[in-house]
Amino acid sequence: MKILDKEFDVYIPAEEIDSIVCHLASEVNRDFKDKNPYFLVMMNGAFMFASDFLRKITIRNKLSFIKYKSYNGMQSSGKVVPEMMIPSDVKDRDVVIIEDIVDTGLTMQAFLEDLKQFQPRSVSIVSFLMKPDSLKCKFPVKYLGKAIENKFVVGYGLDYDDEGRGLGDLYILKEN
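Residues numbered from 1 in each chain as written. Predicted model: local features only at pLDDT ≥ 70, side-chain atom pairs only at ≥ 80, totals over all residues. Heavy atoms only, no water.

Trainee: Would you mind going over the packing of aromatic side chains in detail, with residue names and values included?
Mentor: Under the definition given, this model contains seven aromatic pairs. Residues Phe8 and Phe152 carry aromatic rings whose centres are separated by 6.3 Å and whose planes lie at 50° to one another, so their mutual orientation is tilted. Linking Phe8 in strand β2 (residues 6-12) with Phe152 in the loop between β8 (143-147) and β9 (153-154), this pair joins segments that are 144 residues apart in sequence. With respect to class, Phe8 is no different from Phe152; both count as buried. With a centroid separation of 6.0 Å and an interplanar angle of 80°, the aromatic rings of Phe152 and Tyr160 are classed as edge-to-face. Classification of Tyr160 as buried rests on a relative accessible area of 6%. (Phe/Tyr/Trp six-rings, centres within 6.5 Å; stacked < 30°, edge-to-face > 60°. Helix = DSSP H or I, 4+ residues; strand = E, 2+ residues; numbered from the N terminus. Buried < 20%, exposed > 50% of the residue type's maximum accessible area, 1.4 Å probe, protein only.)

What follows is the structure, encoded as structure tokens:
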């Protein structure tokens, strides 16, 4: 698969993605059975995962979207910029953050710091992917779909220079 100037190979096919999403939704449904969590979706990358995940959620919930940006092309810029703000009504709520991938963790760390001022009752993170070898900070990811190697991936919401988000499979950058 060619996206812009790069070649990619299938890394996680759509069937495996669906299995991961079903498992994560089942865990969240179980753990928040008698609660009314407030889901915060990290845009733009998490939109496909969130859409599939939320269709499998059977519990009462509230939903909003947030956006923090740190990527430019294939590299994290190291600078985290909020673009869609945290809703103020998360106070005293059980917040579940829906994320596509935890890479360096810098974006999530900045977001978690900002979220503290809104005084949620609890905060849990559900992430489709995580790159443990590229983490620069630590925080608990309670619901993790899959840990992957420190390679560039695209598809299923993740992009390369705003291209490839709509692909149903996840692709990995082809080695030269």
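After presenting the structure, the write-up continues.
Trainee: Account for the pattern of salt bridges, naming residues and giving values.
Mentor: As a working rule, side chains carrying opposite charge can pair if their charged atoms are close by. Overall, the coordinates contain 13 salt bridges when judged by the stated rule. A salt bridge links Glu175 to Lys151, with the nearest nitrogen and oxygen atoms 2.9 Å apart. Placement of Glu175 in the segment after β10 (170-173) and of Lys151 in the loop between β8 and β9 is noted, with a sequence separation of 24 residues between them. The class of Glu175 is exposed, set by a relative accessible area of 56%. Owing to a relative accessible area of 29%, Lys151 belongs among the partly exposed residues under this scheme. Several salt bridges converge on common partners, so that one network encompasses Asp159, Asp162 and Arg165. (Salt bridge = Lys/Arg side-chain N within 4 Å of Asp/Glu carboxyl O.)

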